[in-house]
Amino acid sequence: MRREPSTPRPDLIPRLEHLGFTFHTVEEHPYWNESAAYCFTRSEVDELESATNELHDMCLQAVERVITENLYESFAIPWPAQKAIQEAWEEDPPAIYGRFDLVYDGQSPPKMLEYNADTPTSLLEAAVVQWHWLQDVRPSDDQFNSIYEGLVEKWSDLKREGYLAHPVVHFASMDVMEDVMTTAVLMDTAEEAGLKTKLLTMAQIEWDAANQFCDDEGLPIQTLFKLYPWEWMVAEEFGTHAIQPHGKTQWIEPIWKMILSNKAILAVLWDMFPDHPNLVPAYTDGPRSMPEYVRKPILGREGSNVSIHDREKVTEIGGPYDQGPWVYQQYVPLPVFEENHVLIGSWVIDGVARGIGVRESDGLITEDLARFVPHYFNP
């Protein structure tokens, strides 16, 4: 694994915007950075793929333990949602995707920092934009990236096997550019699989007199992909309707992902699989004897309120999650390539590793505006 200089394409901005990628620059700083690229070996790609698949399998075992042993308290999941989680886990409704955040330098085994299994973003840049970069810049090389194809295959399977409640799938997110772009990729892949789709914002979803969710035209929403955290939904005015047993709306992602996307899962994993090479020690009752650790809000997002406690100082990012609750994870520094702190996002589609994205940050904590850098490997 190495970082190499790369010459940006001369018509870069029109190319990016043609793909629907308008989030390429933020406050005059590039979010998409193709002045560099990361080169992996085939064996490194194989290692990331294998580790991701094993981690996903372990995470599902951890979800099963939380449900069967009633460990919801440390996850801060309210009682009504617990019952809905139990039912969804037993019924096994469709689940589409997720993204692991991994520490990896090409020398030590990949280490799981967390699993964004409910509302992962950066999908457009990982699945589409960096693939077009490869075709334009390094067409004779390969890329660990079959994310888009995996999504089309998953939607096709759901359509063919009759898992969807209705042939029209609604897609909704907050009216935020990054969320809209991610949702649009999911919608495009569903359309390519032959499904009919409709795009909404979460604010356009209504609860009508017939006791069902409907869209802005009054049409019932029977299958909804929502890029919106479950913990937010269940806390809102109509949240009780979203978790009612055998409700009229089929939710993607399913509510059991409230467990999988909650950072308290890190402590459960470490308890179940201590000293596993792809895990990092983590606890919900404090840092214990860890001399250096990271404190994370279990429901935090995009680095907010994360603090790194090393032997010399505390590095912290502010945000809205300052009241916790917390998980304490051993501090594993991100690898540094030419003064860039590097994080690997490893994508899981239908339970299988399908590709990676590389993010770079100036600081120790990866925030939402960390730069996305393309990658390749020699076939």
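Refer to the structure above for everything that follows.
My aim in this report is to walk through the structure given alongside it, one point at a time. (Residues numbered from 1 in each chain as written. Predicted model: local features only at pLDDT ≥ 70, side-chain atom pairs only at ≥ 80, totals over all residues. Heavy atoms only, no water.)

## What about the sheet that holds strand β1 (residues 2-5)?
So, point 1. Taken together, three strands build an open sheet; the order of strands is β1-β4-β22 and the sheet is mixed. Two strands close off the open sheet at either side, each with one partner strand: β1 and β22 (375-377). Averaged over all adjacent pairs, the angle separating strand axes in this sheet is 35°, with direction ignored.
So, point 2. Inspection of the sheet shows strand β4 (residues 36-40) paired to β22 by three bridges, in the parallel sense. If you follow Phe40 over to β22, its bridge partner there is Phe377.
So, point 3. The strands touched by helix α2 (residues 42-68) within the sheet are β4 and β22, with β4 carrying the most contacts at an inclination of about 85°. (Pairing = 2+ DSSP bridges. Helix = DSSP H or I, 4+ residues; strand = E, 2+ residues; numbered from the N terminus. Axes fitted to C-alpha atoms, helices over the stretch in contact; angles between N-to-C directions. Contact = heavy atoms within 4.5 Å.)

## Here we look at the packing of aromatic side chains
How two aromatic rings sit relative to each other is set out by the distance from centre to centre and by the angle between their planes.
So, point 1. Applying the stated criterion across every chain, the model contains 16 aromatic pairs.
So, point 2. Between Tyr97 and Trp347, the aromatic rings sit 6.0 Å apart at their centres with planes inclined by 20°, giving stacked as the arrangement. With a gap of 250 residues between them, Tyr97 in strand β5 (residues 97-103) and Trp347 in strand β19 (residues 340-349) connect regions that are remote in the sequence. Residues Tyr97 and Trp347 agree in their burial class; the two are buried.
So, point 3. Members of the aromatic cluster, connected to one another through ring pairs, are Phe21, Phe23, Tyr31, Trp32 and Phe372.
So, point 4. Stacked on the ring of Trp347, the Lys or Arg Arg99 has its end atom at 5.7 Å from the ring centre.
So, point 5. We note Arg301 situated over the ring of Trp232; from NZ or CZ to the ring centre the distance is 5.3 Å. (Phe/Tyr/Trp six-rings, centres within 6.5 Å; stacked < 30°, edge-to-face > 60°. Buried < 20%, exposed > 50% of the residue type's maximum accessible area, 1.4 Å probe, protein only. Lys NZ or Arg CZ within 6 Å of the ring centre and 35° of its normal.)

## A closer look at the packing of helix α4 (residues 123-137) against helix α5 (residues 147-161)
So, point 1. Relative orientation of the contacting elements α4 and α5 amounts to 105°, with a least axis distance of 8 Å. By the criterion of interaxial angle, the relationship of α4 to α5 is roughly perpendicular. Touching Leu123, Ala126, Ala127 and Val128 of α4 are Ile147, Tyr148 and Leu151, all from α5. (Parallel < 35°, antiparallel > 145°, perpendicular 65-115°, else oblique.)

## Observations regarding empty space enclosed by the protein
The probe, sized like a water molecule, is rolled over the atoms to show the empty space still left.
So, point 1. Applying the stated rule across the entire model yields one cavity of 30 Å³ or more.
So, point 2. Taken as a whole, the largest cavity spans an internal volume of roughly 40 Å³.
So, point 3. Every residue lining the largest cavity is listed: Met112, Leu266, Leu269, Trp270, Leu279, Val280 and Gln329.
So, point 4. Across the lining of the largest cavity, the residue classes tally to six nonpolar, one polar and no charged. (1 Å grid on protein atoms, 1.4 Å probe; cavity = no way out; pocket = protein on both sides within 12 Å on 5 of 7 lines; lining within 4 Å. Points joined across faces, edges and corners; volume = space filled by probe spheres on them. Nonpolar A, V, L, I, M, F, W, Y, C, P; charged D, E, K, R; others polar.)

## Some thoughts on the pairing of strand β11 (residues 223-227)
One face of the sheet, then the other: side chains in a regular strand alternate in exactly this way.
So, point 1. In terms of burial, β11 is a largely internal element, five of the five residues being buried.
So, point 2. In β11, alternate side chains face the same way, and those of Thr223, Phe225 and Leu227 on one face and Leu224 and Lys226 on the other are all buried.
So, point 3. Here four bridges tie strand β7 (residues 168-173) to β11, and the two strands are oriented parallel to one another. By the bridge assignment for β11, Phe171 is matched with Phe225.

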